[in-house]
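# Observations on chain architecture
Residues per chain are reported as follows:
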Amino acid sequence: TEPDADQLYRLRHKERELILFYDDILLDRQTCLELKCGRDDGKIAVYGDHRLRSGAQDMTVREYGWGREYRFEFSRPQYDLSVLEVPPEEPYLQEFAYLRTDGAETERSRQFNLRLKLAVPLAEGDDIFLEISYPGDVAHLYLAGRLIADDFCKGIPWRVGLKRFLQGMQIDLVLQIIPCNTAKDIYLERKLKYSDDGQPAVHIQYQHSLRLEVEE
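Summarised in this report is the structure supplied together with it. Note that the structure is a prediction, hence the values are computed from the model and not measured. (Residues numbered from 1 in each chain as written. Predicted model: local features only at pLDDT ≥ 70, side-chain atom pairs only at ≥ 80, totals over all residues. Heavy atoms only, no water.)

## Some thoughts on the nonpolar core
- Counting residues in each nonpolar core, the largest one holds 26 residues, and the members touching the most others are Leu130, Leu141, Trp158, Leu173 and Leu175.
- Secondary structure elements with two or more residues in this core: strand S10 (110-118), strand S11 (127-133), strand S12 (138-143), strand S13 (146-152), strand S14 (158-161), strand S15 (170-178) and strand S16 (201-214).
- Core analysis: the second largest hydrophobic core is formed by 18 residues, Tyr9, Leu18, Leu26 and Leu210 among them. (Core = buried A, V, L, I, M, F, W, Y, C linked by side-chain atoms within 4.5 Å. Buried < 20%, exposed > 50% of the residue type's maximum accessible area, 1.4 Å probe, protein only. Helix = DSSP H or I, 4+ residues; strand = E, 2+ residues; numbered from the N terminus.)

The structure is reproduced here in structure tokens:
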């Protein structure tokens, strides 16, 4: 059976030529190989006689004529995410009237309070991402009243890494969405998925990290 991963990595690690198949991000850290995995399980295939080991993660290995395939699983992350819209009668964090385009003056921007609580701290090397699909032209994300990220809708979900902003086990953010110009036709190659009432779809994506050593 040949490996079915989408990406082939060919690299020289510790004076060894390695050919690996892996579906996600693989980094050569000189002393080890680091895998990034956006799922709760994964696999990596190695051509030849090279063997991999991990001191922190159990792996199962299957041997083939061409090499070995290693499979691993991570504990499913536990968290709580709340998304609450700020009522129109309440004052918004910011009013970006200068970003309104002709035909959108009658539509007020919408604002949402986001709260993410983690059950356990992020493990070393792991990351957590906020993925947002929203109906609108522009979106802003605030932390403690400070703009930390923005996005122009391109027809694909907006992805924001939170690790650099996370302090402790909880983070409170404000999402503001500025409406599109309804007087003009706007073409998007892909249609984003969100609720019929225009509520943005907000999801959490966890990125695990796994360090592997190549055995001598």
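Moving on from the model shown.
## Quick notes on the pattern of salt bridges
- Under the defined criterion, the tally for this structure stands at 14 salt bridges.
- The residue Glu213 makes a salt bridge to Arg53 at a minimum N-O spacing of 2.9 Å. One end of the pair, Glu213, is in strand S16; the other, Arg53, is in strand S6 (residues 52-53), and 160 residues separate them in sequence.
- Glu213 gets classed as partly exposed once you look at its relative accessible area, which sits at 36%.
- As a salt-bridge pair, Glu215 and Arg53 come within 3.9 Å of each other at their nearest N and O atoms. Placement of Glu215 in the segment after S16 and of Arg53 in strand S6 is noted, with a sequence separation of 162 residues between them. (Salt bridge = Lys/Arg side-chain N within 4 Å of Asp/Glu carboxyl O.)

## As for the sheet that holds strand S1 (residues 8-13)
- Spatially, five strands are ordered S1-S2-S5-S8-S7 in an open sheet, and the strand pairing comes out antiparallel. At either end of the open sheet lies a strand with only one pairing partner, and these are S1 and strand S7 (59-63). When strand polarity is set aside, the average angle formed by the axes of neighbouring strands in this sheet is 25 degrees.
- Where S1 meets strand S2 (residues 16-22), six bridges bridge the pair, whose relative direction is antiparallel. Following the sheet pairing, Tyr9 is matched in S2 by Leu20. (Pairing = 2+ DSSP bridges. Axes fitted to C-alpha atoms, helices over the stretch in contact; angles between N-to-C directions.)

## Some words on the packing of aromatic side chains
- This model, assessed by the stated rule, comprises five aromatic pairs.
- Taking 6.4 Å as the distance between ring centres and 75 degrees as the angle between the ring planes, the aromatic pair formed by Tyr134 and Trp158 counts as edge-to-face. Taken together, the residues span a long stretch of sequence, with Tyr134 in the loop between S11 and S12 and Trp158 in strand S14 at a distance of 24 residues. Comparing Tyr134 with Trp158, the two get one shared label, buried.
- Three or more aromatic residues joined by ring pairs form one cluster here, namely Phe21, Tyr47, Tyr64 and Trp66.
- Looking at Arg159, its charged tip hangs above the ring of Phe129, at a distance of 3.9 Å from the centre. (Phe/Tyr/Trp six-rings, centres within 6.5 Å; stacked < 30°, edge-to-face > 60°. Lys NZ or Arg CZ within 6 Å of the ring centre and 35° of its normal.)

## Some thoughts on the pairing of S10
- In the sheet, strand S9 (residues 79-85) pairs with S10 via seven bridges, with the strands oriented antiparallel. Residue pairing in the sheet places Tyr79 in a bridge with Leu118 of S10.
- Sheet analysis places S10 next to S15, joined by eight bridges and oriented antiparallel. For Leu114, the partnering residue across the bridge sits in S15 and is Leu173.

## Focus on unusual backbone geometry
- One non-glycine residue, Lys14, adopts positive backbone phi at about 50 degrees.
- Position of Lys14 among the secondary structure elements: in the loop between S1 and S2.
- For Ala144, which is not glycine, the phi torsion reads 55 degrees and is therefore positive.
- Relative to the helices and strands, Ala144 is located in the loop between S12 and S13.
- By relative accessible area, Ala144 is classed as exposed at 80%.

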